[in-house]
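Working through the structure, step by step
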Amino acid sequence: MCIRDRFDGILGESPALRETLDRAARIIPHGAVTVLIGGETGTGKELLARAVHYNGPRKKAPFVDVNCAAIPENLLESELFGHEKGAFTDASAAKPGLFEVANGGTIFLDEIGHLSLPLQGKLLRVLEQREIRRVGGTTTMAVDVRVIAATHVDLAEASRRGEFREDLYYRLNVVGLRLPALRERGKDLLLLTGSFLRRFAGEYGIAVPALSPAAERRLLAHPWSGNIRELRNVIERALLMCDGGVLDAADLGLDAARPLVQS
């Protein structure tokens, strides 16, 4: 299977992206390898993690995604490792954690840089010993999972500041992958734009508009701090706002004061 077949949901031909996908393809067959995906918000880290899982030897087992920044710190340990009945107030029954749910498959720990230092230590123990202990429990249980973590934070720098455990960083970063920002991917942006136009036109039951040269230049000039997520939202809105069969620069609602890229 070629790289393109493995990552058919990730559009782009830029050298920066292809280098990352080539590196990812090398570790797909090795289902025990821990992976750390870096990149700005909105670059598609979860999409890459899913591609690694669903093309690999664990594809028939669960893929469990956890946004570490979205779960309150006092609940996250229980969510990850489970709890026994009576472990804390309202723990009226035992509950398996997400590591147990993912057993045999992959657990995707998004925004790993938001873990508290005490929880980082507990995660390190799981990674090193491949076993968990539920909150309030006295026994351990073995778990067999591939761990893929993702972050928009520079964990090496966070380690130097004492905000992230250095030993956990090295344990997570067995294989590091970096997804380039949209502004680093050149005309991949126009490939993605065309894909979003077709997708949303189909969803809303309208004709796919042509993209004017001025609109292309405006798109290429924009900094895209929100990356692909921002582009998707801009194109969906612009499709609904454009009048007729051509989507022009004014329909995009982007900063007209920024210089246009010359073709």
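Whatever comes next refers back to the structure up there.
Residues numbered from 1 in each chain as written. Predicted model: local features only at pLDDT ≥ 70, side-chain atom pairs only at ≥ 80, totals over all residues. Heavy atoms only, no water.

**Points about the side chain of Glu111**
We count it as follows: Runs of E in the DSSP output that reach at least two residues are strands. Runs of H or I that reach at least four are helices, and both are numbered from the N terminus. Exposure categories follow from relative accessible area, calculated using a 1.4 Å probe and restricted to protein chains: below 20% of the type maximum is buried, above 50% is exposed, and the middle band is partly exposed. In this tally, Lys and Arg are treated as positive and Asp and Glu as negative; His is ignored, and so are the chain termini. What counts as a salt bridge is simple: a side-chain nitrogen of Lys or Arg found within 4 Å of a carboxyl oxygen of Asp or Glu. Between two residues, a contact is recorded if the distance between any of their heavy atoms is within 4.5 Å.
Of note, Glu111 is situated in the loop between strand 5 (106–110) and helix 6 (117–129). Buried within the structure, Glu111 lacks any salt-bridge partner; Lys45 is the closest side chain of opposite charge, at an N-O distance of 5.5 Å. With near-sequence residues (within four places) excluded, Glu111 lies in contact with Asn67, Cys68, Ala69, Ala150 and His152.

**Brief notes about the nonpolar core**
How we decide: As used in this record, nonpolar core signifies buried Ala, Val, Leu, Ile, Met, Phe, Trp, Tyr and Cys residues forming a set joined through side-chain atoms within 4.5 Å.
Of all hydrophobic cores here, the largest spans 31 residues; its most connected members are Leu80, Phe99, Ile107, Leu109 and Ile112. Looking at this core, the elements with two or more residues in it are strand 2 (63–67), helix 4 (73–81), helix 5 (98–101), strand 5, helix 6, strand 8 (146–151), helix 7 (155–160) and helix 8 (166–172). A per-element tally of this core places helix 6 first, with five residues. If we ignore the near neighbours within four places in the chain, the residues touching Ile107 are Val64, Val66, Leu80, Leu98, Phe99, Ala102, Val145, Arg146, Val147 and Ile148.

**Focus: the environment of Ile107**
Mapped onto the secondary structure, Ile107 falls in strand 5. A residue is classified by how much of its surface remains accessible, and Ile107, at 0% relative accessible area, is buried. Taking C-alpha positions, Ile107 is 41 Å from Leu247, a pair spaced 140 residues apart along the chain.

**A closer look at a nonpolar patch on the surface**
As a reminder, the rule being used: Note that patches include only residues with greater than 30% relative accessible area and no salt bridge, and the join distances are 9 Å for like charges and 5 Å for nonpolar side chains (Val, Leu, Ile, Met, Phe, Trp, Tyr). The Shrake-Rupley method, run with a 1.4 Å probe sphere, supplies the accessible areas, and residue values consider only the shown protein chains as cover.
On the surface, Tyr204, Ile206, Leu240 and Met241 cluster together to form a nonpolar patch covering roughly 390 Å² of accessible area. Here Ile206 lies in the loop between helix 9 (188–204) and strand 10 (210–211).

**A look at the sheet that holds strand 8**
The following threshold applies: The rule for pairing is simple: two strands pair if DSSP sees at least two bridges between them. Note on definitions: angles span 0 to 180 degrees between N-to-C directions of axes, and those axes are lines fitted to C-alpha atoms, for helices only across the stretch in contact.
Taken in spatial order, the five strands of this open sheet run 2-5-8-1-9, and their pairing is parallel. Looking at strand neighbours, the two that pair on one side only are strand 2 and strand 9 (175–178), the edges of this open sheet. Across the sheet, the axes of successive neighbouring strands diverge by a mean angle of 20°, strand direction being ignored. Relative to strand 8, strand 5 runs parallel, the two sharing four bridges.

**As for the pattern of salt bridges**
Close approach of charged atoms lets side chains of opposite charge pair. Inspection of the entire model under this criterion finds 16 salt bridges. When salt bridges with common partners are traced through the structure, they connect Glu157, Arg160, Arg161 and Glu163 into a single cluster.

**Brief notes about the packing of helix 4 against helix 6**
Think of two packed helices as two axes; the pair is described by the angle between the axes and how far apart they sit. Heads up, the rule is: Roughly parallel means an angle under 35 degrees; roughly antiparallel, over 145; roughly perpendicular, 65 to 115; everything else is oblique. Throughout this entry, Asp, Glu, Lys and Arg are counted as charged residues, while Ala, Val, Leu, Ile, Met, Phe, Trp, Tyr, Cys and Pro are counted as nonpolar. The remaining residues, Gly among them, count as polar.
Their axes nearest at 11 Å, the elements helix 4 and helix 6 cross at an angle of 10°. As the angle between them shows, helix 4 and helix 6 are arranged roughly parallel. Between helix 4, through Leu76, Glu77, Leu80 and Phe81, and helix 6, the contact on the second element is made entirely by Leu119, Lys122, Leu123 and Val126. Along the lines of polarity and charge, the residues of the contact of helix 4 with helix 6 split into six nonpolar, no polar and two charged.

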